[in-house]
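Residues per chain, in single letters:
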2 protein chains.
Amino acid sequence: MTETGARNGAETSVGVVTPRKIAIEQPLTLACGQTLPRHDLMIETYGTLNAAASNAVLICHALSGDHHAAGFHSDDERKPGWWDSAIGPGKPIDTRRFFVVCLNNLGGCRGSTGPTTINPETGRLWGPDFPIVTVRDWVQSQALLSDQLGIQRWAAIIGGSLGGMQVMQWAIDLPARVRHALVIAAAPRISAQNIAFNEIARQAIRSDPEFHDGHYVAHNVRPERGLKLARMLGHITYLSDSAMRERFGRLLRDGDGQFNFNYDVEFEVESYLRHQGNSFVDRFDANTYLLMTKALDYFDPAREYGDDLSAAFGKARAKFLVVAFSVDWRFSPARSREIVKSLVAAGRDVTYAVIDSRLGHDDFLMPIPQYHAVLRNYLNRAAEEVVA
Amino acid sequence: MTETGARNGAETSVGVVTPRKIAIEQPLTLACGQTLPRHDLMIETYGTLNAAASNAVLICHALSGDHHAAGFHSDDERKPGWWDSAIGPGKPIDTRRFFVVCLNNLGGCRGSTGPTTINPETGRLWGPDFPIVTVRDWVQSQALLSDQLGIQRWAAIIGGSLGGMQVMQWAIDLPARVRHALVIAAAPRISAQNIAFNEIARQAIRSDPEFHDGHYVAHNVRPERGLKLARMLGHITYLSDSAMRERFGRLLRDGDGQFNFNYDVEFEVESYLRHQGNSFVDRFDANTYLLMTKALDYFDPAREYGDDLSAAFGKARAKFLVVAFSVDWRFSPARSREIVKSLVAAGRDVTYAVIDSRLGHDDFLMPIPQYHAVLRNYLNRAAEEVVA
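Nothing here was measured: the structure is a model prediction, and the numbers come from that model.

1. Quick word on the overall build of chain A
From N to C terminus, chain A includes 10 helices and 14 strands. Once the C-alpha set of chain A is aligned to its principal axes, its extents read approximately 65 × 50 × 50 Å. When each of the 388 residues of chain A is scored for burial, the buried share is 55%. The long-range share in chain A, meaning contacts at least 24 apart out of those at least 6 apart in sequence, stands at 72%.

2. Let's talk about the domain arrangement of chain A
Residues and elements named next belong to chain A. We note that the domain assignment places domain 1 (6-189 + 301-385) and domain 2 (197-290) within chain A. For domain 1 and domain 2, the distance between their C-alpha centres works out to 27 Å. Listed by partner, the interface residues are 19 residues for domain 1 and 14 residues for domain 2.

3. Quick look at helix α1 (residues 135-149) of chain B
All names here are of chain B. Taking 1.5 Å of rise per residue, the 15 residues of α1 would be expected to cover 21 Å, and the 21 Å separating its terminal C-alpha atoms lies within 8% of that figure. Within the sequence span of α1, burial applies to Val-135, Arg-136, Asp-137, Trp-138, Val-139, Gln-140, Ser-141, Gln-142 and Ser-146. A positive backbone phi angle near 75° is found at Gly-150, which sits one or two residues after α1.

4. Description of the sheet that holds strand β11 (residues 156-160) of chain A
All names here are of chain A. Taken in spatial order, the eight strands make up an open sheet running β1-β4-β8-β5-β11-β12-β13-β14, and their pairing is mixed. Two strands close off the open sheet at either side, each with one partner strand: β1 (20-24) and β14 (350-355). Averaged over all adjacent pairs, the angle separating strand axes in this sheet is 20°, with direction ignored. Bridge count for strand β12 (residues 180-184) against strand β13 (residues 319-325) is five bridges, and the pairing is parallel.

5. A short note on the interface of chain B and chain A
Often the size quoted for an interface is simply the accessible area lost on bringing the parts together. Residue-level contacts link 40 residues of chain B with 40 residues of chain A. Listed by contribution, the elements that provide at least two residues to the side of chain B that touches chain A are α3 (192-206), α4 (224-238), α5 (241-247), α6 (268-281) and α7 (286-298) of chain B. It is α3 of chain B that contributes the most residues to the side of chain B that touches chain A, 11 residues altogether. Along the lines of polarity and charge, the residues of the side of chain B that touches chain A split into 24 nonpolar, five polar and 11 charged.

6. Details of the relation of the copies chain B and chain A
Overlaying chain B with chain A gives an RMSD of 0.0 Å, the required rotation being 180° about an axis along which the chain moves by 0.0 Å. Expressed as a symmetry operation, the mapping of one chain copy onto the other fits a two-fold axis. Interface overlap between copies: 100% of the residues of chain B at the interface are likewise at the interface in chain A, consistent with a symmetric, same-surface contact.

7. Digging into the packing of helix α6 (residues 268-281) of chain A against α3 of chain B
It is at 9 Å that the axes of α6 of chain A and α3 of chain B come closest, and there the two elements cross at 50°. By the angle between their directions, the pair α6 of chain A and α3 of chain B is classed as oblique. Here α6 of chain A runs over α3 of chain B; the crossing is right-handed. Contact with α6 of chain A, carried on its side by Val-269, Glu-270 and Leu-273 of chain A, involves Ala-192, Ile-195, Ala-196, Glu-199 and Ile-200 of chain B of α3 of chain B and no other residues of that element.

8. Re α6 of chain B
Residue and element names in this part refer to chain B. Taking 1.5 Å of rise per residue, 14 residues should cover 20 Å, and α6 covers 21 Å from first to last C-alpha, within 8% of that figure. Considered for burial, the residues of α6 that qualify are Val-269, Glu-270, Tyr-272, Leu-273 and Gly-277. Looking down the long axis of α6, one finds its buried residues gathered within 165° of arc, a one-sided arrangement.

About the cut-offs
- Residues numbered from 1 in each chain as written.
- Chains lettered and ligands numbered in written order.
- Predicted model: local features only at pLDDT ≥ 70, side-chain atom pairs only at ≥ 80, totals over all residues.
- Helix = DSSP H or I, 4+ residues; strand = E, 2+ residues; numbered from the N terminus.
- Buried ≥ 20, exposed ≤ 12 C-beta atoms within 10 Å, placed from the backbone.
- Contact = placed C-beta atoms within 7 Å.
- Domains from an automatic or database assignment.
- Expected span 1.5 Å × (residues − 1).
- Pairing = 2+ DSSP bridges.
- Axes fitted to C-alpha atoms, helices over the stretch in contact; angles between N-to-C directions.
- Nonpolar A, V, L, I, M, F, W, Y, C, P; charged D, E, K, R; others polar.
- Least-squares fit on C-alpha atoms with pLDDT ≥ 70 in both.
- Parallel < 35°, antiparallel > 145°, perpendicular 65-115°, else oblique.
- Left-handed = near helix turned anticlockwise from the far one by under 90°.
- Arc of directions from axis to C-beta.

Okay, here's the thing in C-alpha cells:
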C-alpha cells in the first residue's frame, strides 16, 4: 500500500501532531448494563475550530485503527497516521476549512480507557474484565467528547468499515448533532459469513494457551500465535481474490522455481500474510481485538425497528454520502446498496458512489483519484454550508 | 447436509462393505525425490469387475475424504460413506453396471501408508517425516493400484475438488488409461487466496503448542486447537455467503433475542463452526491435513508446459465432463471454465455443466437433481461403450 503526500509534499501534511488525553467525567451506561463512572479518550485534532464551532469533522476508526489518523508524531517518524492520504491542508478532508477530530474508541488499546488501562475499582488492568462495548456505546462516548470539545453539531462524521457503522449510529441516535454522514465501505449489519470470520479469529486468540482467559499480562505473556492468526485471517478479507492474484499470483519467494517440499514460506502470499500477522502482534492488544469483533457482530441498527432499516433511518436528519468499492468482498457494494435503498425509502438525502477499485476492502484507505474526488467534492459543498 | 437413499431406500444402497488393505510392493519415487520402497492403500470396491476389466470406475477423494465412499461398515452404522448419494445400484454411479473403486490416498490417515503408519526404517510412526506428496504422486500410486487390480484402462475416473485435480492429472500423465475424466468443482490450480486460506490453516496447526513439530503422538497429545481452527476456516470456504445467510442468518442460539455480552456461542453460525471443528479433530490427523493442503498448493499441471494448460491437455485422450456449481466460491465456475477452454483449445471432447446450486463448494457432495441427472446421463452413455 502506498502513502501519498506527506513527506514528498509537505504542504499537504498536517505535520507533527500531539495526541491528547481527554477525561470524560460523566458516567456512561453501556448496552451491556454496566456503567463506567468516567473514562479517558485519546484524541488528535487537525485544523482550527471556528468561533461558531460549526466546522468540526469527526473521524471514526475501524477495527484496528486509533486516534492517529494524520501527520507524524515526531520529525523522524517514517509512517504517517492511518488516513493521512485523505486528511490535511488541500486534501479531501481539508484541514484549512475543517477542524478534524479523531479518537481512539472506548475499549481501544492506544491510551483510551479499555483492557490495557487500569480499572480504578481494582487498581489492576481491566484486561478481559473490560465490558464488551457496542457501536452505540461508542457513539454515546463520542457525544460526551463532543460536549467537552464544545461541538454541538458536527459538520460531518466520516468513517470506513466499522467506522461507517458508527456514522450510521450517530445519524440514527443523535440526529440533531450530525449535518453530513459519510458512510464508506460499510454494511447495515454483518453477514453470517462475516460473523464466521470473526468467530474463528476469536477462537484463535482464546484457544491460545498464552491467552490465560485474557489475563495474559499478569502471566508476562501475550497470545501472539492467536492474534497473529486472527490478523492473517482478517487480511484475507481485506484484499479481493483478483487483487491477491494480481499482487502475488502463485509466485514463489525463491527465484529457482523449485518447490521446497517443506512448510517454510514458499509462495509470496504466505510471506505477505506472515509479515502482516507478525507486525500486528507488536502493536495490538488481544482483548481489544476480541471486543472490536463483538462490536461488529452486534451492530444492527434495524434490530429495534423490527428489522426495518428504513424505519431506523426515519429519525435521521443528516445528509448522506455512501461510498462502496467495486472489488470489496468483505462489505460489498451490494451491502452499501442496502443502506442507500433504506435511506431513500426513509426520504433521506443521499449520494451514492461505487468506486472502481483494485484492492478490495482496503481500498477505503487508499488515495484512489475517483474516490478522493468524490470525498473532496462532497465536502467542498458541505464546507460552503458552514457558518463561521 | 442431508443424506439420501441408503436406509430409506435399501435397494439403492451398496449395503455393508468391507475395506481392504492392498499392498503395493513396487517402489514409488515421489516428486520430492524420495522413494518409498513399498506402500499400502486402503480401498473399498462396489459392484463387480467384468471379464474384460472394462467397467471399472475410480473415485478420487478430496481434502478430508477416504476410501469409504458408499455403504456402511456395519448394520448398525448410522452414517453411510461420504458419496453414498451418488454411488449404488440405480444411482448416478451405478454399481449394477460399474465396478467402483475408492481408495484412501497415500499420505492419508485412514489406513493407507502415511503419517499415522509405521516407517519400516525406524519402526516408529512416520508422523511429520512422511514426505509431502503431490497430486502426481497420487496418480502414480493409483496406477500401481490399478495394475494390481488388473485394470488397464478405467472406464471413468471421477473426483470433486482436490479429487478433480487427480482426474486431470491422470488424463495428462496416463492418457491411455482413462476413457472418461469427470472433473467436478475443481480448478486448474489454486489461487493466491486459496493458498492464503491453506497457509493460515497450516499456521494454526503448526503454531499449536501441542503440535511438537509434528511429533505430537510421541507426546501423547494432539494439536486439537489448531486442527479445529483449520477445519472451521475450511468450512467458511465450503459454503457460499448466500448459503450461510440462508442457513444461519444472524439468528441467535438463545431464543430470548438478547445478546450475551460474553464470548460464549451466541450466533447459530458460531455453533455450526465449533461443531464442525470439534467433530473433525476426532477423525482426522494433523500431519495428514498439512500434507493435503500442500498437495493442493502444488497442483499446477500447466507449470511444466510453460503455464499453457491446453498444452498440458494436448496429451490427454479421455473424454471430459466438467461440472461446476453456481454459488461455489472456493472453486467457482470461472475456474471450471478455464479448464473447459483449455480442453477445447486442445481439441478434446468436453461436456460442461454449471449446476444451479445453493450451498457452495459442498454442493459437489449433495444429491442435487440436476447434478445427478448430468452424472447419470453422462455415465449411462459411457456404460454403453463398455465391452464386457
